[in-house]
Amino acid sequence: MSKRIAYTKPSITELEVTYATDAARHGWGAHCYDYIHRLERGFAAHLDVKHAIATSSCTGALHLGLAALGIGPGDEVILADSNWIASVAPVVHLGAKPVFVDILSDSWCLDPDLVEAAITPRTRAIIAVHLYGSMCDMDRLREIGARHDVAIIEDAAEAIGSAWGGKCAGSMGAFGTFSFHGTKTMTTGEGGMFVTNDSSLFERVTTLSNHGRDASEPRQFFPTVTGYKFKISNIAAAIGCAQIERIDELIARKRAIMASYRQLLGPLSGISLNAEPDGVTNGYWMPSVVFDRATGVTRNMLIEAFQAADIDARVFFWPLSELPMFDARPDNLTAHDVASRAINLPSYHDMDENAQMRVANVIRDLLKA
Ligand SMILES: *Cc1c(COP(=O)(O)O)cnc(C)c1O
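Residue positions are given per chain, counting from 1 as you read along its sequence in written order. The model is predicted, so local features are restricted to residues of pLDDT at least 70 and side-chain atom pairs to those at 80 or more, both for listing and for counting; the totals for chains, interfaces and linings are taken over all residues. As a convention, hydrogens and water are excluded, and side-chain values are obtained from all of the structure's heavy atoms.

1. Re the packing of helix H9 (residues 247-265) against helix H12 (residues 353-368)
The axes of two packed helices give the description: the angle between them and the distance between them.
Then step 1. Axis geometry follows a simple rule: fit a line to the C-alpha atoms, using only the stretch in contact for helices, then measure angles between N-to-C directions, giving values from 0 to 180 degrees. Numbering goes from the N terminus for both helices and strands, where a helix is a DSSP run of H or I of at least four residues and a strand is a run of E of at least two. In contact at an axis separation of 10 Å, H9 and H12 are set at 45° when each is read in the N-to-C sense. Relative to H12, the element H9 lies oblique. Relative to H12, the crossing made by H9 is right-handed. Residues Ile-257, Ser-260, Tyr-261, Leu-264 and Leu-265 of H9 form the contact with H12, whose participating residues are Glu-353, Gln-356, Met-357, Val-359, Ala-360, Ile-363 and Arg-364.
Then step 2. When grouped by side-chain class, the residues that make up the contact of H9 with H12 number eight nonpolar, two polar and two charged. For classification, angles of less than 35 degrees are called roughly parallel, those exceeding 145 degrees roughly antiparallel, those between 65 and 115 degrees roughly perpendicular, and all remaining angles oblique. Note on convention: near helix rotated counterclockwise from far helix by under a right angle means a left-handed crossing. Clockwise means right-handed. The contact criterion used throughout is that any non-hydrogen atoms of two residues lie within 4.5 Å. In this classification, the charged set is Asp, Glu, Lys and Arg, the nonpolar set is Ala, Val, Leu, Ile, Met, Phe, Trp, Tyr, Cys and Pro, and all remaining amino acids, among them Gly, are polar.

What follows is the structure, encoded as structure tokens:
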């Protein structure tokens, strides 16, 4: 019996264990924010941004940022149809209307022409989600945002290690958000980060994230707005401090795994992999394969073949507009089409060459059949 190949699992060393243990033993009282602030400083330095606020999740970070921009009922927010629900849930909870646009077939990210066509007088923000590590066209989006006075937000949860023209994903929009969920390139178990270069937005999010308590308010326990509670714990942040010290190594492993897949799969025709055009660095959070339509390979055939090989591969995100709580958008052809013949491949940091060969063999056999 072959061993089951996991889809993702974190890279945890003695450093993470040491820091988490220290936080559990000593990180209380006057020290209860030590690892949190250290993680925020380390992450801001890694991205080269002014401000970072650690959160309990990326979903929470997005919620805080959208709320601080004042987005609510009557507003529209544009994002790609191919996405995980977390990118849109805060939009819905704030009472705004999500507008799903189709994706480009190479980057799997939103199509800037369709974004521009979807703008109305109610549009307040565009959420650029850098899917699976691929970059949205930030030049086009920022130009569109500036011309229509619409905020560009980066959900960079999948784009640690990705860059556009040398600038880190998450550092270019009104604000950026990250996830440290256990499946992501760096983890704290559960956790996330809000980042921005806008000092007044940073102040507003700081207040909102602390139950509406303004730092300049002299009275104790005296919130001035109804805020949120999306904070990270010091113990989780301690694990994050170890991961941020190792961030270059964690990103390098993701890129090495992708390079290895490219070597194994590159000679095959009938498939395409994650794109990395000129001027872009892809952090390759999630190596994925899209089968050409001519191969006849479908999502269900992929699920069955990987299950039979005891490999944990996952389906490409369903179009959000296909979920029961949203209006159908059958006109988003590429989002429906790509998802119907694509799969995410295992890519955990400690994955070895043998495991990658087993994955490649499943793909080779499907192309032969
Ligand atoms: C994982 C992910 C999220 C959600 O992150 P949480 O930390 O689980 O809230 C949001 N957006 C994208 C693009 C993600 O990949």
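2. Section: the environment of Val-280
Then step 1. Positionally, Val-280 belongs in strand S11 (residues 280-281).
Then step 2. Three exposure classes are used, based on accessible area relative to the maximum for each residue type with a 1.4 Å probe and protein chains only: buried under 20%, partly exposed in between, and exposed over 50%. Owing to a relative accessible area of 11%, Val-280 belongs among the buried residues under this scheme.
Then step 3. Residues Val-280 and Ser-162, spaced 118 residues apart in sequence, show a C-alpha to C-alpha distance of 7.4 Å.
Then step 4. Residues in contact with Val-280, not counting those within four places in the same chain, are Met-135, Ala-163 and Trp-164.

3. Considerations on H9
Then step 1. Over its 19 residues, H9 runs 27 Å from end to end, which matches the ideal 27 Å to within 8%, given 1.5 Å per residue.
Then step 2. Those residues of H9 lying buried are Ile-247, Leu-250, Ile-251, Lys-254, Ile-257, Met-258, Ser-260, Tyr-261, Leu-264 and Leu-265.
Then step 3. Check the buried side of H9 and you find it contacts helix H2 (34-47), helix H8 (234-245), strand S10 (271-273), strand S12 (288-291) and H12. Multiplying 1.5 Å by the residue count of a helix minus one yields the expected span of that helix.

4. Considerations on the site of the ligand
Then step 1. Throughout, the term near means that a residue has one or more heavy atoms lying within 4 Å of the molecule or strand in question. As a structural note, the neighbourhood of the ligand is formed by Ser-57, Cys-58, Thr-59, Ala-86, Ser-87, Val-129, Asp-155, Ala-157, Glu-158, Ser-179, Lys-184 and Gly-191.
Then step 2. Side-chain atoms alone can form a polar contact between residues adjacent in sequence; in general such a contact is a pair of N or O atoms within 3.5 Å, and within protein one must be able to donate a hydrogen while the other accepts it. Within the contact set of the ligand, an oxygen atom lies 2.5 Å away from a side-chain nitrogen or oxygen of Thr-59.
Then step 3. For the ligand, an oxygen atom lies 3.0 Å from a polar atom in the side chain of Lys-184.
Then step 4. Within the complex, 91% of the 390 Å² of free accessible area of the ligand lies under protein.
Then step 5. A per-class count over the shell around the ligand returns four nonpolar, five polar and three charged. Here the open area of atoms and residues is found with the Shrake-Rupley method and a 1.4 Å probe, where only the protein chains shown may cover a residue.

5. A closer look at the environment of Ala-339
Then step 1. Inspection of the secondary structure assignment puts Ala-339 in helix H11 (residues 333-339).
Then step 2. For the pair formed by Ala-339 and Pro-319, sequence separation is 20 residues and the distance between their alpha carbons is 7.6 Å.
Then step 3. Leaving out residues up to four positions away in the same chain, Ala-339 has contacts with Arg-299, Phe-316, Phe-317 and Pro-319.

6. Structural notes on helix H10 (residues 299-308)
Then step 1. Within H10, burial applies to Arg-299, Leu-302 and Phe-306. All buried residues of H10 fall inside an arc of 60° around its axis, so they share one side. Residues Asn-300, Glu-304, Gln-307 and Ala-308 are exposed on H10 and point more than 90 degrees away from its buried face.
Then step 2. One or two positions beyond H10, positive phi appears at Asp-310, with a value near 60°. It is the directions from the helix axis to the C-beta atoms that the arc portrays.

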